[in-house]
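# Survey of secondary and tertiary structure
Now for the letters of each chain:
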Amino acid sequence: MKNFKEKLQPFVEKAKKFTFKYRYGFYAAIPYFLFDIITRILGHIDYYPAFFPIPNLFTFLWIFLFVGITINLKGIFEMLAYWIFFFLAMGLYLINNIYFSMTKFYFSFNLLESTGEGKDYVMDAVLGANKLIYIFAVIIFIIALVVFIKMRKRTQFHFKKMGKVLIIFLVLHLLMPFLYGFKGNELEWNNFKNDRVVYDRFNEPNKSMKVAGLYEYTARSFYIEYLKPEEKISKKDKDFLDSIYTGEDPHKNNNYTGIFKGKNLIFLQLEGMDLWALNEEHTPTLYNLMKDSINFADHYSLYTGGGSTFNSEFAVNTGFTTPISYIENVYNYNKNTFPYTMPKLFKEAGYSVNAFHMNSGEFYSRAINYESWGYDNYYGLIDIQDYKDDSYELDREMIANSTFEKLMFDHKPGEKFVDYIITYTPHTPFSPKKGTSKMLAEEKYSLKTQIDSLTEEDCVYLAVEETDKMVSMMIEKLKERNLLENTVIVAYADHYLYTLEDKTILDKYKETSNNLINHTPLFIYCGDKEAYVPTTVKETTMQMDILPTVLNLFGIKYNSNNYLGMDALDPERQGYAFFSDYSWYNGKSYVEANKVTYGEPMKNDDIKKTSEMIDKIIKKNDLTLKFDYFASSE
């Protein structure tokens, strides 16, 4: 032990000398570090803890730059640099924390474009902000003042030229992003959790602040908004989009136009509700609603590798879908302009529009996406209540939770509302030993042998029964408030049950050799039986048809050129669905690579004509999203 201490002593002495020699640099770093760490802690963002190394390493790197420049100057220049950097840091601290206190989002430079809209609320925001922000600011200012007084007595810093500081900063800054790791597969469904993706995209202020720290967040936000080169749309592609969006609107009124005008609306997005699982035995409430509805019997949910649940939300709310010709997740488009979304059009018609799900607003970046689409609020069950168990994963809890129930159904007299409700329970894994299936099995069966004997298919039925129970509770709450007769329910599945491990289950119930496996339910029900006649629509539909169909039913004027799909109740419409490999189905023939591989034969000319139409629609979708066409055309 003695020999070890003796060997260690020279290093200890060197560390002491180094610390003493550069102590003023360490002192000067304290205020900057406090501004950053307090900002990230006050935010209470459930993503990337403040003690994780990477954001702190970025912060230390920026502090190295600030301090390195400051103490390489002399006299008045040193004093000016010290206070300029300090008040710049304090300004960033105050702006971000005050803005977060008001909006629950950190400030980003793109907000400067709309400063005129918020100038009347600046003082209210300052006065209403968390008082801890100002207490910490005063404390840090006092620390900075003490440090400055001490620094006046220092000896010259060891770097003779600031050029060395800048070179070290630039080299390390180039290497820093690699500490996040690599993106991996661009279309991984959970890429919204990938730290490298968050840093590279930098389109979510809260996550970006948490992974980068205050100073890197600010610098990168500035770079992306003002300095990053943008890929320019070619004249050919611009002319292509212009020809679509400035063309005549092909939509015409029909017998269904406005039949639900003025009624309330509930979008019921059913997690994994495959058509074979929606039946009289296991889901009687949904089954009976579907019988008394406008039932779209040949409906398809576009499956993508980038998260099919959110893809359905995106399609129903915007009328567009995940890009097909290039790789990008749709939850990355929260900075795009979507002026013709479902919530925006219904709000213009006098509705309140809110979304409800069990998961947090961070998941799939829903909070920021739903805000960009125009929702009044996105409510996550686990955001509003601290659950001690996993009961929030049971769909019934969205209605049983008194706060959620009131948010959904308690409205001012005469207020029209749209509720977008996303269920969860029929979610993998379907095992009696895991997740919601375990909870439901233990609730239903008393014997362990009964639970252990449950198959994967049995667990699916347990899950959909839970969703059906939630829908039954929802119907009862609407009845209690005399809302059912004046409410329309648009029910559809986000995707088929692709999460099943035993694929032979699917083989029993549906076509599985091609994309027709994406066959899922879609029906529109209204409690007012005099408003419509229940009917079955045989024309093929897809998720992008839902929004224009609903707008037509509610008599809301729209330009169908602004969407990919069409009103599915238009008698002149030729139904079809397309998929992410450019294959398509028209209700009779399934075509891939310009050949009919399933169903009735087609003439080559007819195949070519439809394929060209599908290609044009996909091109419209992908270019519109990639170049944010609606923003440039406003």
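Going by the structure above, here's the rest.
Now for a look at the structure at hand. Sequence order as written defines residue numbering, which begins from 1 separately in each chain. In view of the model being predicted, local features appear only for residues whose pLDDT reaches at least 70, and side-chain atom pairs are presented and counted only at 80 or more, with totals across whole chains, interfaces and linings using the full set of residues. As a rule here, side-chain values cover all heavy atoms of the structure and leave hydrogens and water aside.

What follows deals with the overall build of the protein chain. Going along the chain from the N terminus, every DSSP run of H or I of four or more residues is numbered as a helix, and every run of E of two or more is numbered as a strand. Scanning the protein chain for helices and strands turns up 25 helices and 15 strands. Taking all 634 residues of the protein chain together, the buried fraction comes to 53%. Pairs at least 24 residues apart make up 76% of the contacts formed inside the protein chain by residues separated by at least 6 positions. To measure how exposed things are, a 1.4 Å probe is used in the Shrake-Rupley method; for residues, cover is taken only from the protein chains shown. A total of about 30,000 Å² of accessible surface is found on the protein chain, and carbon and sulfur atoms cover 58% of it. The buried label applies to any residue whose accessible area, calculated with a 1.4 Å probe on protein chains only, is under 20% of its type's maximum; exposed applies above 50%, and partly exposed to all values in between. Residue contacts follow a heavy-atom distance rule, with two residues in contact if any of their heavy atoms lie within 4.5 Å.

What follows is about the sheet that holds strand S6 (residues 416–422). If you trace the 8 strands from one edge of the open sheet to the other, you get S5-S4-S6-S1-S7-S9-S2-S10, paired in mixed fashion. The two strands at the open ends of the sheet, each matched to only one other strand, are strand S5 (377–380) and strand S10 (535–537). Averaged over all pairs of adjacent strands, the angle between their axes in this sheet comes to 15°, without regard to strand direction. Any two strands with at least two DSSP-identified bridges between them are counted as paired. Direction of pairing for strand S7 (residues 487–493) relative to strand S9 (residues 522–526): antiparallel, over a ladder of 5 bridges. Only the stretch in contact is used when fitting a helix axis, every axis being a line fitted to C-alpha atoms; angles between N-to-C directions are given from 0 to 180 degrees.

Here a helix's expected span is defined as the number of its residues, less one, multiplied by 1.5 Å. Between its first and last C-alpha, helix H7 (residues 131–151) extends 31 Å over 21 residues, near the 30 Å set by a 1.5 Å rise per residue. For H7, the complete set of buried residues consists of Ile133, Ala137, Ile140, Ala144, Val147, Phe148 and Met151. Looking straight down H7, one finds that the buried residues subtend no more than 95° of arc, so they occupy a single side. Under the rule applied, a polar contact is a pair of N or O atoms within 3.5 Å (in protein, one hydrogen donor and one hydrogen acceptor; residues adjacent in sequence only if both atoms are side-chain atoms). A side-chain oxygen of the first residue of H7 lies 3.0 Å from the backbone nitrogen of leucine 132; this N-cap is asparagine 130. Read the arc as the range of directions from the helix axis to the C-beta atoms.

Let us look at the sheet that holds strand S12 (residues 577–578). The antiparallel open sheet is built from 4 strands, whose spatial order is S12-S13-S14-S15. Edge positions in the sheet fall to S12 and strand S15 (595–599), since each of these pairs with one other strand and no more. Bridging between strand S14 (residues 589–592) and S15 involves 4 bridges; their strand directions are antiparallel. Its bridge partner being in S15, valine 591 is matched across the sheet by valine 596.

A few words now on the side chain of glutamate 216. The residue glutamate 216 is located in helix H10 (residues 205–227) in this model. Within this scheme the basic residues Lys and Arg register as positive and the acidic residues Asp and Glu register as negative, but His and the chain ends are omitted. Put simply, a salt bridge is a Lys or Arg side-chain nitrogen that is within 4 Å of an Asp or Glu carboxyl oxygen. Despite its burial, glutamate 216 pairs with no opposite charge, the nearest such side chain being arginine 220 at 5.4 Å. Among the polar contacts made by the side chain of glutamate 216, one reaches the side chain of tyrosine 199 at a distance of 2.7 Å. Every residue in contact with glutamate 216, bar those within four places of it in the chain, is listed here: Phe58, Trp62, His173, Tyr199 and Phe202.

Next up on the list: helix H24 (residues 604–626). For H24, built from 23 residues, the straight-helix expectation of 33 Å at 1.5 Å per residue is met to within 8% by its first-to-last C-alpha distance of 32 Å. Taken as a whole, H24 has its buried residues at Ile607, Thr610, Ser611, Ile614, Ile617, Ile618, Lys620, Asn621, Asp622, Leu623, Thr624 and Leu625. At the C-terminal side of H24, aspartate 628 shows a positive phi close to 45°.

With that settled, consider the packing of aromatic side chains. The pairing test for Phe, Tyr and Trp rings, Trp by its six-membered ring, is centres within 6.5 Å, and the orientation test on the planes gives stacked under 30 degrees, edge-to-face over 60, and tilted for anything in between. Enumeration over the complete set of coordinates arrives at 63 aromatic pairs. With 6.4 Å between their ring centres and 50° between their planes, phenylalanine 579 and tyrosine 590 make a pair best called tilted. Highlighted residues: phenylalanine 579 in the loop between S12 and strand S13 (584–585) and tyrosine 590 in strand S14, separated in sequence by 11 residues. Looking at phenylalanine 579, the relative accessible area reads 1%, which means it is buried. The class for tyrosine 590 is buried, based on a relative accessible area of 1%. One aromatic cluster in this structure is built from Phe267, Phe310, Phe314, Tyr331, Phe338, Phe363, Tyr364, Tyr370, Trp373, Tyr375, Tyr378 and Tyr420. Its end group placed over the ring of phenylalanine 178, arginine 196 keeps NZ or CZ at 5.3 Å from the ring centre. Between the NZ or CZ atom of arginine 573 and the centre of the ring of tyrosine 576, over which it lies, the distance is 5.9 Å. For a Lys NZ or an Arg CZ to count as sitting over a ring, it must be within 6 Å of the ring centre and within 35 degrees of the ring normal.

Let us now look at unusual backbone geometry. Proline 429 follows threonine 428 through a cis peptide bond whose omega is 5°. A positive phi angle, near 45°, is found at aspartate 628, a position not held by glycine. Residue classification places aspartate 628 among the buried residues on the basis of a relative accessible area of 17%.

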